[in-house]
Amino acid sequence: MRQNPERRTALLDAAIEVLADQGARGLTFRAVDQRAAVPTGTASNYFPNRDALLTQAGRRVFERLDPGPEVIGETFALPRTRASVDRLMHEMVGRITAFPSGHLAMLELRLESTRRPELRAVLTEQIKTNLQENIDFHLDTGMPGDADTVVHLYLSLNWLIIERLTLPDLFDEARTDALITSLVDQLVPPR
């Protein structure tokens, strides 16, 4: 397998776009090569098989959705209040919906994982780890609420994001913002 990290990243980003546009059935090495604008056969030099491409594309989505050190640093400066959790949830939903192909690709990967046990195992572990990191971060920063609060926010906001990305006319931006605040008010205990 080739080792050029920039080329590998470009291929994974192209795979995410193909998944979002064409679904898992459309994810072929040729489609990834075309989307990445590289010579035919390039993707197959970087990934031993389609399963590897699927799982690595899933990992890449999480890399791209990482809030980064600036947002993490800002979080530590916030007061430990429900209003701060509200602000963080708005930031998170905004970050995810700003990368619609990433979330849509993850939906495709989730559907594909119902038919591929190895992909299901990888996605389950990846999402379980991500959720635990969010729980740990929430508790370590001393924000109000417990582990279940984070899980409830995760479950409810995930579906709101799905609605926003797949049926954008159902809830406009203003309604989405109001729903986020309402969910935080209902799920996060006051100090």
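See the structure shown above.
Residues numbered from 1 in each chain as written. Predicted model: local features only at pLDDT ≥ 70, side-chain atom pairs only at ≥ 80, totals over all residues. Heavy atoms only, no water.

Undergrad: Provide a residue-level description of the environment of G145, including the pertinent values.
TA: Within the element layout of this structure, G145 appears in the loop between α8 (117–141) and α9 (147–166). Judged by relative accessible area, which is 25%, G145 ranks as partly exposed. When the C-alpha positions of G145 and S84 are compared, they lie 12 Å apart, and in sequence the two are 61 residues distant. (Helix = DSSP H or I, 4+ residues; strand = E, 2+ residues; numbered from the N terminus. Buried < 20%, exposed > 50% of the residue type's maximum accessible area, 1.4 Å probe, protein only.)

Undergrad: Tell me about α8, and name the residues and values.
TA: The first and last C-alpha atoms of α8 sit 36 Å apart over 25 residues, in line with the 36 Å expected at 1.5 Å per residue. If you check which residues of α8 are buried, you get L119, L123, Q126, I127, L131, I135, H138 and T141. Tucked inside the fold, the buried residues of α8 contact α4 (50–65), α5 (68–77), α6 (82–97), α7 (100–113) and α9. After α8 finishes, the residue G142 shows a positive phi value of roughly 80°. (Expected span 1.5 Å × (residues − 1). Contact = heavy atoms within 4.5 Å.)

Undergrad: A description of the nonpolar core should follow, citing residues and the corresponding values.
TA: L19, L27, V32 and M89 are the most contacted members of the largest nonpolar core, which totals 43 residues. The dominant element in this core, judged by the number of residues it contributes, is helix α1 (residues 5–22), at seven residues. The residues touching L27, leaving out its near neighbours within four places in the chain, are A15, V18, L19, V32, R50, L53 and L54. (Core = buried A, V, L, I, M, F, W, Y, C linked by side-chain atoms within 4.5 Å.)

Undergrad: Account for helix α2 (residues 29–36), naming residues and giving values.
TA: Taken together, the buried positions of α2 are occupied by A31, V32 and D33. Where α2 is buried, its residues contact α1, α3 (42–46) and α4. Remark: A37 follows α2 within two positions and exhibits a positive phi of approximately 55°.

Undergrad: Please give an account of the packing of α7 against α9 that cites residues and values.
TA: In contact at an axis separation of 10 Å, α7 and α9 are set at 110° when each is read in the N-to-C sense. One element, α7, and the other, α9, form an angle in the roughly perpendicular class. Here P100, H103, L104, L107 and R110 of α7 lie close against α9, whose contacting residues are Y154, N158, I161, I162, L165 and T166. For the contact of α7 with α9, a count of residues per class yields seven nonpolar, three polar and one charged. (Axes fitted to C-alpha atoms, helices over the stretch in contact; angles between N-to-C directions. Parallel < 35°, antiparallel > 145°, perpendicular 65-115°, else oblique. Nonpolar A, V, L, I, M, F, W, Y, C, P; charged D, E, K, R; others polar.)

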